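# Residue-level structural notes
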Amino acid sequence: MLLLLLACSNVGEPCQGAVAGHGHITESGCAVLPTWAHGETDPAWETEVQVSLTSPMDWNAINAALAQGPVRVVFAPERYDQRIDIQRTDPSENRLLLDGGTAGARASVPGILTAYEGEPQSYITLRGFEVTGSRDKGVYWRAGDAVILEDLVVHDNGGSPAINLDYSNRSGHQSSRFVVRNSHVYSQRGECIYLGGAEGEDQDSHLRVEVVNNLVHDCTSRLDTRNDGINVKDRIGEVWVHRNVVARTDWGIEVASPGEYSQNLVFDTEREGFQISDAFQAFAGEMRFINNVSLGAGHDGFHVDTVFETEHLLLFQDNSAFASRDAGLLFGGESPHQVQLEGMLTAGNGVGIDGWGTPQFQGEDCYTAEETSVDRAAEGLACEPVSVQVPSELAGADGLYFTEDDPWILGVGAALY
């Protein structure tokens, strides 16, 4: 019994595997999300600056160097007592890289923040830092274009969210291409990754927001339920949320903007695995959910809840919902939204497909293993009954997410045969 308790107490702790990437302890051991090769390359650095405890950052010198070309600032792998306050004033498109190191040799800082007022901070990359111990958020960005946050380890910070792009209506700037990728965000009281939108205002928000290949887990709160893994707010254009692993949060991935949400694995959430809602304002454009998996949701695997009576397209292609306490897939609301089913598998849920209101279904490419396959607003669907086992080894025998031995990620057809 003692050994069992010790093993369980380690669940959620970070770990390293044999391949490059970020890992966490699961009940089956260390599960690793391998680094995603995005194909982008750094520019040739015109200037390289070294920073250490005895040689702090000099923003005047950095801004002067940026006027001449791209600048790389390399931090010694030490524990810094002061947070990094971003103070770029150079208006050029020359890239500034703040480089905190690599696994095993990271600079550790108590927060990386832009000012809550002031000009956008653009053409900046943050790479390699451990961000922990902040009294405020972990990484806060008020506004900025071409911002890349990559290979960060963000955990145990005092403010929420752990990583935050602020609402565009608050900053007055519609940020273009804000990227969070290949990072590990965990042990956060509150939201983990939060991308603010237009906050219900009748205006377009950010453009080209990407959240790709991040390991996000254990976002908790004792005071309320605002502890989503990834939260994408309203009126953001060209959203791409892809290949993320989200575990042990309230809602896993909450979305309110059009775009593509693909190949994400969400498991062991307190409520919904995927929450799709237009509570701020009506959707505009298409939402595409492709090859996502929800496992062990406390409520519904996929939950669509609409308020505004506007028409929009929701595409569900090759998604799977396993072992949800309630529905695998639920639609609610009176909006005339078009729901296009091009592959939906539910197994081990309380009910396969459920809902209320008047959703309009296009196509009936769905498969259920529940005795009660459809109910209420979805009762007109004729899903094909199948016999499918609920997956148990999420990272497969190799301990790596998104590899060929993960049966849940290969699409509905592969899961059936």
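On a predicted model such as this, the values are computed, not experimentally measured, just so you know.

### What to know about the packing of aromatic side chains
- Considering all chains together, one arrives at 11 aromatic pairs under this definition.
- Between Tyr 116 and Tyr 140, the ring centres sit 4.3 Å apart and the planes meet at 25 degrees, which makes this aromatic pair stacked. Taken together, the residues span a long stretch of sequence, with Tyr 116 in the loop between strand 11 (112–113) and strand 12 (124–127) and Tyr 140 in strand 14 (residues 139–141) at a distance of 24 residues.
- Residue Tyr 140 is classed as buried on the basis of its relative accessible area, which comes to 1%.
- On the numbers, 6.2 Å between centres and 85 degrees between planes, the contact of Phe 302 with Phe 316 is edge-to-face. Taken as a pair, Phe 302 in strand 32 (residues 302–305) and Phe 316 in strand 33 (residues 313–317) lie far apart in primary sequence, 14 residues in all.

### Some details on the environment of Thr 26
- For Thr 26, the location among the structural elements is in strand 2 (residues 21–26).
- The buried category is assigned to Thr 26, whose relative accessible area is 18%.
- For the pair Thr 26 and Gly 12, spaced 14 residues apart in the sequence, the C-alpha separation amounts to 6.5 Å.
- Those residues in contact with Thr 26 that lie beyond four places of it in its chain are Val 11, Ala 31 and Tyr 401.

### Considerations on the sheet that holds strand 35 (residues 327–332)
- What the 11 strands build is an open sheet, ordered 6-11-14-17-20-23-26-29-32-35-37; its pairing is parallel. Every other strand in the sheet has two partners, leaving strand 6 (84–85) and strand 37 (351–355) as the edge strands with one partner each.
- Both strand 23 (residues 230–232) and strand 26 (residues 253–255) contribute to a ladder of three bridges, which runs parallel. If you follow Asn 231 over to strand 26, its bridge partner there is Glu 254.

### Considering the confidence of the model for the chain
- Mean pLDDT over the chain stands at 90; residues scoring 70 or higher make up 93%.
- Low pLDDT, under 50, characterises residues 1–9; the stretch is placed with zero contacts to residues that sit more than four places away or in other chains.

Parameters and conventions
Residues numbered from 1 in each chain as written. Predicted model: local features only at pLDDT ≥ 70, side-chain atom pairs only at ≥ 80, totals over all residues. Heavy atoms only, no water. Phe/Tyr/Trp six-rings, centres within 6.5 Å; stacked < 30°, edge-to-face > 60°. Helix = DSSP H or I, 4+ residues; strand = E, 2+ residues; numbered from the N terminus. Buried < 20%, exposed > 50% of the residue type's maximum accessible area, 1.4 Å probe, protein only. Contact = heavy atoms within 4.5 Å. Pairing = 2+ DSSP bridges. pLDDT = per-residue confidence, 0-100.

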